[in-house]
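Survey of secondary and tertiary structure
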Amino acid sequence: MTKKNLLATVAAASVAGALAASAAAQAAPVEACLITKTDSNPYFVTMRTGAKSEARKLGVDLKTYAGKYDGDNQTQVSAIESCIADGAKGILITPSDTKAIVPTVEKARQAGLLVIALDTPLSPVSAADMTFATDNFQAGRLIGQWAHAHLGDKARDAKIAMLDLAVSHPTVGFDRDHGFLSGFGVKIANPEQFNVPDPRIVGHAVTGGAEEGGQKGMESLLARNPDITLVYAINEPAAFGAYQALKSVGKAGDVTIVAIDGSCTGVKGVKAGMIAADSQQYPLKMAALGVKAIADFAKTGQKPQASAGKDFYDTGTKLVTAHPEPGVPSITPAEGAKLCWGK
């Protein structure tokens with residue numbers, strides 16, 4: 001073989017090798033991670049189902065992680081570190097502690113990963129590349145406006161039980177609480193203060209977003225004031241727990257319960273009268289959009305954009321109630337059942 005032919009053969013082999021490597025790289029699935037608060041809350045189970053479904057469609061290799069309980073920051077930290085080590089292109093996370101997780105999120109972003117918060121914004125929200133979520137303040141405001149209209153003149157003397165999420169008051173709990181109180185007509189003089197002073201508020205109880213926590217929290221607040229007339233619940237499990245506590249003392253029909261979630265089970269609870277009004281959110285949509293954003297980022301390097309006028313992508317919310325009130329937009333339980341969690 002001549003020197004000229006040898007060089008041509010080497011060049012051809014190099015080109016072929018490069019093409020093969022490129023094809024292999026293109027064929028390799030995009031690695032991504034989903035990290036939820038827990039794997040017991042139906043809300044996050046639904047989110048995981050939606051993420052896996054979208055990942056299969058897009059050829060994304062999705063690994064899933066979850067905290068042992070709501071508020072389990074350390075497990076989420078470990079999950080992010082595993083995702084970085086595994087060479088993931090992006091992370092979807094519903095943060096348990098919106099402030100404590102930020103340094104680890106920054107570490108992931110510095111390593112080149114796209115980090116998207118789902119459902120619960122980080123604090124600050126800019127700590128993530130993007131957030132796909134319900135406008136939690138608006139979701140809270142809708143149930144607050146409805147409750148105020150529903151109680152009418154009795155709203156002036158309402159006795160309100162506040163069933164919250166966690167002692168750390170993550171952004172989702174903060175925004176929903178303030179949204180509800182704002183919608184109910186409570187003046188929020190200091191938006192940085194979680195416990196807004198108002199004589200109508202009997203007290204706050206931490207529920208962990210669970211039915212057992214909601215029941216215990218309701219029992220403790222009833223012991224403080226047995227004349228509670230209105231219950232704000234951070235989510236449906238807490239609301240169902242509150243209902244059971246009220247039912248056990250014969251007050252289930254006398255107290256108005258409002259909540260946020262809009263699951264298929266929750267909508268049934270609205271229809272049955274256990275929950276009077278429920279702001280519906282769409283975790284399937286959040287999850288699908290998040291997976292697609294990571295897939296697009298892996299291909300183009302482009303990051304998702306926020307909704308106009310907001311610092312996050314708003315996946316929407318609707319108020320579900322069997323008792324519509326003038327001036328408060330809502331849908332019926334039948335309509336809510338068709339939309340529950342974005343199906």
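**Focus: the sheet that holds strand S7 (residues 201-206)**
Pairing in this open sheet of six strands is mixed, and the strands run S7-S6-S8-S9-S10-S12 from one edge to the other. In the strand order of this sheet, the two ends are held by S7 and strand S12 (318-321), each with one partner. Sheet twist, expressed as the average angle between the axes of neighbouring strands with direction ignored, equals 15 degrees.

**Some words on the pattern of salt bridges**
Counted under the stated rule, the structure contains 10 salt bridges. For the salt bridge of Asp153 with Arg156, the shortest nitrogen-to-oxygen distance reads 3.9 Å. Residue Arg156 is classed as exposed on the basis of its relative accessible area of 60%. Here Lys216 and Glu212 are joined by a salt bridge, their closest N and O atoms 3.1 Å apart. Taken together, the residues span about one helical turn, with Lys216 and Glu212 both in helix H7 (residues 211-224) at a distance of four residues. On the basis of relative accessibility, which here comes to 55%, the residue Glu212 falls in the exposed class. Salt bridges sharing partners connect three or more residues here, namely Arg109, Asp129 and Lys303.

**Things to note about the packing of aromatic side chains**
Counted according to the given criterion, the structure contains six aromatic pairs. Ring geometry for Tyr43 and Trp341: centres 5.5 Å apart, planes at 85 degrees, overall edge-to-face. Linking Tyr43 in helix H2 (residues 42-58) with Trp341 in the segment after helix H11 (333-339), this pair joins segments that are 298 residues apart in sequence. Assessed through its relative accessible area of 2%, Tyr43 is described here as buried. Accessibility expressed as a relative area gives 8% for Trp341, which makes it buried. Where Phe132 meets Tyr313, the ring centres are 5.3 Å apart and the plane angle is 70 degrees; that geometry is what we call edge-to-face. Of the two residues, Phe132 sits in strand S5 (residues 130-133) while Tyr313 sits in strand S11 (residues 313-314), which places them 181 residues apart along the sequence. Owing to a relative accessible area of 27%, Tyr313 belongs among the partly exposed residues under this scheme. Ring pairs connect the aromatic residues Tyr43, Phe44 and Trp341, which therefore count as one cluster.

**Focus on the state of the cysteines**
As enumerated under the stated definition, the model contains two disulfides in all. Residue Cys33 pairs covalently with Cys83 via a disulfide, S to S 2.2 Å. Between Cys33 and Cys83, the S-S dihedral sits near -125 degrees, and the bridge is therefore left-handed. Pair noted here: Cys33 is in strand S1 (residues 30-36) and Cys83 is in helix H3 (residues 73-85), with a separation of 50 residues, a long-range link. According to the relative accessible area criterion, Cys83 is buried, its value standing at 0%. In this model, Cys264 is linked to Cys340 through a disulfide, with the two sulfur atoms separated by 2.0 Å. In this structure the cystine formed by Cys264 and Cys340 twists about its S-S bond by roughly 70 degrees; its chirality is therefore right-handed. Residue Cys264 is located in helix H9 (residues 264-272), and its partner Cys340 is located in the segment after H11; the two are separated by 76 residues in the primary sequence.

Calculation criteria
Residues numbered from 1 in each chain as written. Predicted model: local features only at pLDDT ≥ 70, side-chain atom pairs only at ≥ 80, totals over all residues. Heavy atoms only, no water. Pairing = 2+ DSSP bridges. Helix = DSSP H or I, 4+ residues; strand = E, 2+ residues; numbered from the N terminus. Axes fitted to C-alpha atoms, helices over the stretch in contact; angles between N-to-C directions. Salt bridge = Lys/Arg side-chain N within 4 Å of Asp/Glu carboxyl O. Buried < 20%, exposed > 50% of the residue type's maximum accessible area, 1.4 Å probe, protein only. Phe/Tyr/Trp six-rings, centres within 6.5 Å; stacked < 30°, edge-to-face > 60°. Disulfide = S-S within 2.5 Å.

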